[in-house]
Every structure is written in C-alpha cells, then in structure tokens.
Amino acid sequence: AQIDEIERQILSLALEATSSLHGAIFLWTLNERTLRIDFHVVNGREIELPHEVVLHKRGQRSGIAFHVAETNEPILCNDTSVSEHYAGYFLDVNAIAAAPISYQDRAIGVISVSADSRDAYTTSDLEQLTMLAAHCAPFLRRAQLYRWGKARGEGLLIKGLSPEWQVVDELI
C-alpha cells in the first residue's frame, strides 16, 4: 500500500470517532511555512487535492489548522462565524474540532474534522481526536520524512521494532 493510505486510514478513524462527514489531515511542508493536504473528505466522500498547500497569510486569518499547528494546542470551535482563526479552505463549515499531530513536543501537522451544523462537537470528541493524533504521530512523521527525502531525491529507511511499526512496514 502507499504511504497516503496511512493518512486515509487515520482520517477514517477520526471521522468515525467523531461521527463527522468532513475532515482532513494537514502536514507541515519541508520549509514549515505551508501545510500540505493531499485529500480531504466532504460528506463522506474523498476528494483528491494532490500536493495542495495552504499558505500562511500575515495579517489575515490563516485558518484553524494553521493556528493549531503553530500553537500545538487542540481547538474546539462550535461556531466558526465567531472564530478569530476560521478561514474556509475548501468547504465552508459551522463547527470544527482540530488536534495537533505532535512529535517531539512540536506539531508536525493537524487532524481536523468539521460539521455543517453548529455545536456539533463535544469536549469528548476533541479528546478522542487528540488521543488519535497522539497515537498516530510516529506513523505520520515517518510518512512525512519519507516524502521529504523523496522530494530531495534521497532515500530514507526507519525501522521500528514495536508491533505497531511492523503493521506500518507491512502496509508500505
């Protein structure tokens, strides 16, 4: 399976855990000035966005995903119309739960789910999303490093010994 399949499986778990129909995984690019997104889910359907990046806009709202990535803190926003950080990227929504994907005490990306209706999420939803992001961080970091190495024409091999790493090795 492709590295992208790992992201799809993780996002599927996030959507299921929060009963969401919309969601995305954003990962920092090599220069850490943009967030990369290769696909997102809208109304339960996957939409490809190959190598799409979300740019940080100085002096403007850059979005909840950027804020979460920069602060390394989760956000529960049940009314995007009053959010100081919300910026609709690909779909206008009314509620968002977003958790940082933290690796070595810094965010390497964000898992985000969203809903058409306000007040769609609870603190329990955010806790589940945060826990999922924490558990998946090593896998997503590995995928991120692979992409960076491939983009620079370099090889990369990271071999883990845990049962979780062995599952990832089999997927790859």
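Residues numbered from 1 in each chain as written. Predicted model: local features only at pLDDT ≥ 70, side-chain atom pairs only at ≥ 80, totals over all residues. Heavy atoms only, no water.

1. Looking at the overall build of the chain
Counting secondary structure elements, the chain contains four helices and six strands. Listed by position from the N terminus, the elements making up the chain come as α-β-β-β-α-β-β-β-α-α. For the chain, buried positions account for 46% of its 172 residues. Once local pairs closer than 6 in sequence are excluded, the contacts in the chain between residues at least 24 apart make up 54%. (Helix = DSSP H or I, 4+ residues; strand = E, 2+ residues; numbered from the N terminus. Buried < 20%, exposed > 50% of the residue type's maximum accessible area, 1.4 Å probe, protein only. Contact = heavy atoms within 4.5 Å.)

2. A word on the packing of aromatic side chains
Applying the stated criterion across every chain, the model contains one aromatic pair. Taken together, a centroid distance of 5.6 Å and an interplanar angle of 70 degrees make the contact between Trp28 and Phe66 edge-to-face. With Trp28 in strand β1 (residues 22-28) and Phe66 in helix α2 (residues 64-71), this residue pair connects regions lying 38 residues apart in the sequence. A cation sits over an aromatic face here: Arg8 above Phe39, 4.5 Å from the ring centre. (Phe/Tyr/Trp six-rings, centres within 6.5 Å; stacked < 30°, edge-to-face > 60°. Lys NZ or Arg CZ within 6 Å of the ring centre and 35° of its normal.)

3. Regarding the pairing of strand β5 (residues 95-103)
Burial analysis of β5 places seven of its nine residues in the buried class, which makes it a mostly covered element. Sheet topology places strand β4 (residues 75-77) next to β5; three bridges connect them, and they run antiparallel. Across the sheet, Ile75 pairs through a bridge with Ala98, a residue of β5. (Pairing = 2+ DSSP bridges.)

4. With respect to the pattern of salt bridges
Opposite charge on two side chains permits pairing when their charged atoms draw close. For the structure on display, the rule yields four salt bridges. One salt bridge connects Glu46 with Arg8, and the closest N-O pair in it is separated by 2.6 Å. Here Glu46, found in strand β3 (residues 45-55), pairs with Arg8, found in helix α1 (residues 3-18); they are 38 residues apart in sequence, far enough to count as distant. A residue is classified by how much of its surface remains accessible, and Arg8, at 18% relative accessible area, is buried. The partner of Asp79 in a salt bridge is Arg118, and the shortest N-O contact between them spans 2.8 Å. Of this pair, Asp79 sits in the loop between β4 and β5 while Arg118 sits in the loop between β6 (106-115) and α3 (123-151); the two residues are 39 residues apart in sequence, bridging distant segments of the chain. (Salt bridge = Lys/Arg side-chain N within 4 Å of Asp/Glu carboxyl O.)

5. Notes on the nonpolar core
Ranked by size, the top nonpolar core spans 26 residues in total, and within it Ile10, Ile101 and Ile111 carry the most contacts. Sorting the residues of this core by element identifies α1, β1, β2 (34-42), β5, β6 and α3 as the ones contributing at least two each. A total of eight residues in this core trace back to one element, the largest contributor, which is α3. Those residues in contact with Ile10 that lie beyond four places of it in its chain are Ile25, Ile111, Leu132, Cys136 and Leu140. One finds Trp28, Ala69, Ile75 and Cys77 within the second-largest nonpolar core, a separate group that totals 18 residues. (Core = buried A, V, L, I, M, F, W, Y, C linked by side-chain atoms within 4.5 Å.)

6. Some remarks on the pairing of β2
Along any regular strand the residues' side chains alternate between the sheet's two faces. Burial runs high along β2: eight of the nine residues are buried. Sheet topology places β1 next to β2; four bridges connect them, and they run antiparallel. Bridged to Leu27 within β2 is Arg36.

7. So, the confidence of the model for the chain
Mean pLDDT over the chain: 84, with 79% of residues reaching 70 or higher. Looking over the chain, one finds the lowest element-wise mean pLDDT in helix α4 (residues 163-171), namely 65, and the highest in β4, namely 97. (pLDDT = per-residue confidence, 0-100.)

8. Some words on α2
Taken residue by residue, α2 has Ile64, Ala65, Phe66, Val68 and Ala69 as its buried positions. Following α2 by one or two positions, Asn72 adopts a phi angle in the positive range, close to 60 degrees.

9. So, the side chain of Arg8
Polar contacts involving the side chain of Arg8 include one to the side chain of Glu46, which spans 2.6 Å. Engagement of the side chain of Arg8 in a polar contact is seen with the side chain of Glu48, the distance being 2.6 Å. Excluding anything up to four places from it in sequence, Arg8 contacts Phe39, Glu46 and Glu48. (Polar contact = N/O pair within 3.5 Å; in protein donor to acceptor, adjacent residues only side chain to side chain.)

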